[in-house]
Every structure is written in structure tokens, then in C-alpha cells.
Amino acid sequence: MDFRYGEKAEKLRKEVREFVKENIPVEVYFGMFSEEEFDEDWEFSMKMSKKLSEIGWLTLKWPEEYGGMDASGWEVCVLKEEAGYWGIPGLTMGVSGTQWVGPSIMLFGTEDQKKKYLPPIAAGEAEGIWCTGYSEPDAGSDFASLQTRAERQGDVYVINGQKVWNSGGHRAKYCWLACRTDPNAKRKHDGISLFIVDLESEGVKVQPIPNVVGAEVFNELIFTDVKVPVENLVGKENEGWSILMQALAFERGVAILTCSLLKRYLDELVVYAKETGAMKRPEIRKQLVDLTIEYRTLRLLSLEEIWKEAKGDMVIYEPARNKTYNVDILEKVALFGTELIGAYSQVDPLIRDNQYKRLNGILEWLYWILPGIWNAAGTQDIMRNIVAQFALGLPNR
């Protein structure tokens, strides 16, 4: 395996670090998904989206015709590494705009859909903010059991149903929505279609689902007789499952960014352990070493995925493998970090201006949002099943 980034990628790394010095204040380092809860984080994130768009980094890998720079996988890797470590917000345009909605529209959308929906994403505009409507009260890991119904009536589809654990719906303009269009299909994976839904449409209700500390990161989306134009169907009717699988593959392939975020957490914990004298304790040193080894292992696995893509190889199970390992390490870091900080980690994470916060509150914030991270893009067990089936050749039952 060859993990050399190349001259262009390393040049980009220097440029990104200069951008950080000029645009990201030292005291600014957001926790994961904090812009969903805090308005000031959201406003700053949108400002960064606009600046990143003007430079061409917001949609770096996209083809030039769609507002990108047609960059290599290694250049994108560098941008994500630096963004994760230095805390550059605004790269995703909601939770999905640049990562999987845009790329999926390029692959499966009509020319009119590409012309309408891709430019606002690439430009970092409010019209380009997206969320995803997948999970339902009775359809989570068993995604194909979804029941939100889209029924064609003339030149519109009428949508009724409910989605849960939606990230960013209260910020988004559009929803990338999975619906059932044929309730009588022989296979439950058939009869599913993918729609673009304007969340300002009549009949759409976005209802926050506060987590255990009251943070509003997730939402419930309720659709009551929502009329969606036929032209908002992505791909063919009843053939949405393959589109959704491709979109999920895009979603899961983000380990290199959170890998660098892990590195930042560990570096902060090392400094804190030294400043407080905790580093003198052998068990603290051992745990930091163990976590660093795990981080480096994840980084190599993430680089392997990028290397395979750069060669043109098919990447099948690697995103699932990296996603589940990444979440395992995030959990270990959150537990170790809050234990190291001790009683200070019990400060209310929603009260920011607090003299007792340590490390800008990022460790306790991570701890409290972990349940959502476990399940995002597929639960840990679902990810392990993918690895078992496609990497190890084990039966799927």
C-alpha cells in the first residue's frame, strides 16, 4: 500500500493551515453536531461554508461542472484531516448536502435536479442545507421495513408518515426522503422510492427530540398529506433501494475526518494530564498510549480505503468497518476523558459560559451525544454484519 499524499495534497495542507490561522479563533472548537443545538455555532458554520465555497473547498471532490475542483481522493483526505483536527465547521451543508445528497443526485438525478439542487450546495447557501429522512419508529436497522407512504395522484405524490432521529431537520431546507411507493411489492426492499422534499411544504412538521441533557440535535419529521411534485422523484419509482445503499456508502466513508478529531481529543488530553499532574500516574499513561495505538490503527484503515478508491478498486465493506471501529474508539475516548476531568465533566453541557468547564466542554459533549453516533448511518451490529458478510464471507443468516 502506498500512502504518499503527493505534492498537490501537501501544498493543500499548508493552505488549509493558513486558512485556520486567519479564520478560526483559537478558542473555537465545536463538539460534534454542536451547531444543531447552538445558534451561534450554526451562524459561524454557515459563514465558514460560504468562505470554503469561495475557495473551492466546500465541494472539493465534485466535478468542476457542478461547482467542485475535481480533486483527487488524497487532496480530499488532507482537507478532512485538517478540518477534523482544527475544527473547521461548515463542510457538510447540513448533515448530508456535500457528503451524500449531492454525489447521489449526480449519479441518479435528472438534469433538472442537478441544475436546481447542486449549485446552492456548492455555493454554501441556505438553500443548500439538507437533512435525511430514513429511520422510522418501526424501521431502524431493518430499514427496508419503512412505511412512510408516497402515493401518486396526477402530477404529485402525496406523502404521509413519520421519520425519527433526523439530524438537522430544524436547520434544513430540503429532506432526502425514503418512502414506500408500492406497499404490495413481493420483497420489502422493492417498492421503495427516493424523494426530494421541501421542508417548508404544507403538512410538514419538524419536532425536536431532546437528548438526555436537553440538547436538540435530533428531530421527528411528520408528513401529513404533503404534496411533492413528480419531478422530485430521484431515479425510478420503486427502485430507490439501490440509490439508498449508494448514499449510505457515501455517508459511512467519513472516518478520516473523525479520525483526526480523535487525534485532537487525545492531544488535548495529553496536555491536560501533564498540566494537572495526572500524567505521573502509570495507569493514565497506559490508557493514553492504548488510545493512541487505536487511533493510529484507525488512521491506517482509513487511508487504506482512500488508497483503494484512488486505484479504482471497489470499496464495499471498508466504510462499515471503519465506521464501527471509529465509534468504538470515540466511546473509549469519551469515557476516559470524562473520568480524567472528573467532577468537572458533570457541568451542564448546555451552559457554555462556565468557569468550571475543562477543554472547552468537548469531552462531556461527546459523552452525551454518543448514543446518537452509535446509531447514525447504521448501528454497530449492522456494520459488523456487513464486514462479516462481505469481508469474511460469512453467511448473512
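See the structure shown above.
Residues numbered from 1 in each chain as written. Predicted model: local features only at pLDDT ≥ 70, side-chain atom pairs only at ≥ 80, totals over all residues. Heavy atoms only, no water.

### Considering the packing of aromatic side chains
Under the definition given, this model contains 12 aromatic pairs. Each ring, one from Y5 and one from W74, has its centre 5.4 Å from the other, and the planes form 70°; the classification is edge-to-face. One end of the pair, Y5, is in the segment before α1 (7–23); the other, W74, is in helix α4 (residues 73–86), with 69 residues separating them in the sequence. Looking at W74, the relative accessible area reads 9%, which means it is buried. The interplanar angle of 45° and the centroid separation of 5.7 Å between the aromatic rings of F38 and W365 together place this pair among those described as tilted. Of the two residues, F38 sits in the loop between α2 (34–37) and α3 (39–55) while W365 sits in helix α11 (residues 362–375), which places them 327 residues apart along the sequence. The rings of Y117, W130 and Y174 are connected pair by pair, giving a single aromatic cluster. (Phe/Tyr/Trp six-rings, centres within 6.5 Å; stacked < 30°, edge-to-face > 60°. Helix = DSSP H or I, 4+ residues; strand = E, 2+ residues; numbered from the N terminus. Buried < 20%, exposed > 50% of the residue type's maximum accessible area, 1.4 Å probe, protein only.)

### Re the pairing of strand β2 (residues 149–153)
Where β2 meets strand β3 (residues 156–167), 5 bridges bridge the pair, whose relative direction is antiparallel. Of the residues in β3, the one forming a bridge with Q153 is V156. (Pairing = 2+ DSSP bridges.)

### Some remarks on the side chain of R13
Take R13: it is sitting in helix α1. Residue R13 is classed as buried on the basis of its relative accessible area, which comes to 12%. Of note is the side chain of R13, whose polar atom sits 3.2 Å from the side chain of E81. With residues up to four places along the chain from it excluded, the contact list for R13 reads Y5, V78, E81 and E82. (Polar contact = N/O pair within 3.5 Å; in protein donor to acceptor, adjacent residues only side chain to side chain. Contact = heavy atoms within 4.5 Å.)

### Notes on the pairing of strand β7 (residues 218–229)
Relative to β7, β3 runs antiparallel, the two being bridged by 9 bridges. Counted as the bridge partner of N166 is N219 from β7. Here strand β6 (residues 204–209) pairs with β7 via 6 bridges, running antiparallel. Looking across to β7, one finds that I209 is bridged to F218.

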